[in-house]
Amino acid sequence: MTAVSEERSGRTRRAPCYLTPIPPAGDLSTEQWAGRACYACGQPLTTGAVYCGWARGRAGVHVLDAEVWACP
């Protein structure tokens, strides 16, 4: 489907979740921080989740780093 036909049909193409920049760890929800939800859109993850790296963060001397996963 071309961009013109997408525009005419009213559908918009959004970037895949795994291309979204990783936010600081303090901005993640509990489910996102635990790796049970997509870090970009917040949807629950099932099979095929894509490993995206680490969300980094600190609260004083406490390290809040968390591995983040995205929708397939």
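The model shown is predicted, which means the values in this text are computed figures rather than measured ones. (Residues numbered from 1 in each chain as written. Predicted model: local features only at pLDDT ≥ 70, side-chain atom pairs only at ≥ 80, totals over all residues. Heavy atoms only, no water.)

1. Concerning the overall build of the protein
Next up, step 1: For the protein, the helix and strand inventory stands at two helices and four strands.
Next up, step 2: Listing each helix as α and each strand as β along the protein from the N terminus yields α-α-β-β-β-β.
Next up, step 3: Burial status across the protein gives 22% buried among its 72 residues.
Next up, step 4: Looking at the protein alone, contacts between residues at least 24 apart form 43% of all its contacts between residues at least 6 apart.
Next up, step 5: In the form shown here, the protein has an accessible surface area of approximately 5,200 Å², with 55% of it arising from carbon and sulfur atoms. (Helix = DSSP H or I, 4+ residues; strand = E, 2+ residues; numbered from the N terminus. Buried < 20%, exposed > 50% of the residue type's maximum accessible area, 1.4 Å probe, protein only. Contact = heavy atoms within 4.5 Å. Areas by Shrake-Rupley, 256 points an atom, 1.4 Å probe, with all protein chains shown as cover.)

2. Some thoughts on the nonpolar core
Next up, step 1: Counting residues in each nonpolar core, the largest one holds ten residues, listed as C17, A25, L28, C38, Y39, L45, A55, V68, A70 and C71.
Next up, step 2: Apart from residues no more than four positions distant in its own chain, V68 is found in contact with I22, L28, Y39, V50, Y51, C52, G53, W54 and A55. (Core = buried A, V, L, I, M, F, W, Y, C linked by side-chain atoms within 4.5 Å.)

3. Comments concerning the environment of R56
Next up, step 1: Along the chain, R56 falls in the loop between β1 (50-55) and β2 (58-59).
Next up, step 2: The exposed category is assigned to R56, whose relative accessible area is 52%.
Next up, step 3: Considered as a pair, R56 and A25 are 31 residues apart in the sequence and their alpha carbons are 5.2 Å apart.
Next up, step 4: With residues near it in sequence (within four places) discarded, R56 still touches P24, A25 and D65.
Next up, step 5: Here D65 takes part through its side chain, which lies 2.9 Å from a polar atom of the side chain of R56. (Polar contact = N/O pair within 3.5 Å; in protein donor to acceptor, adjacent residues only side chain to side chain.)

4. Remarks on the pairing of strand β4 (residues 66-70)
Next up, step 1: Residues A66, V68 and A70 of β4 are buried on one face, while the alternating residues E67 and W69, pointing to the opposite face, are not.
Next up, step 2: The sheet contact formed by β1 and β4 spans five bridges and is antiparallel. By the bridge assignment for β4, G53 is matched with V68. (Pairing = 2+ DSSP bridges.)

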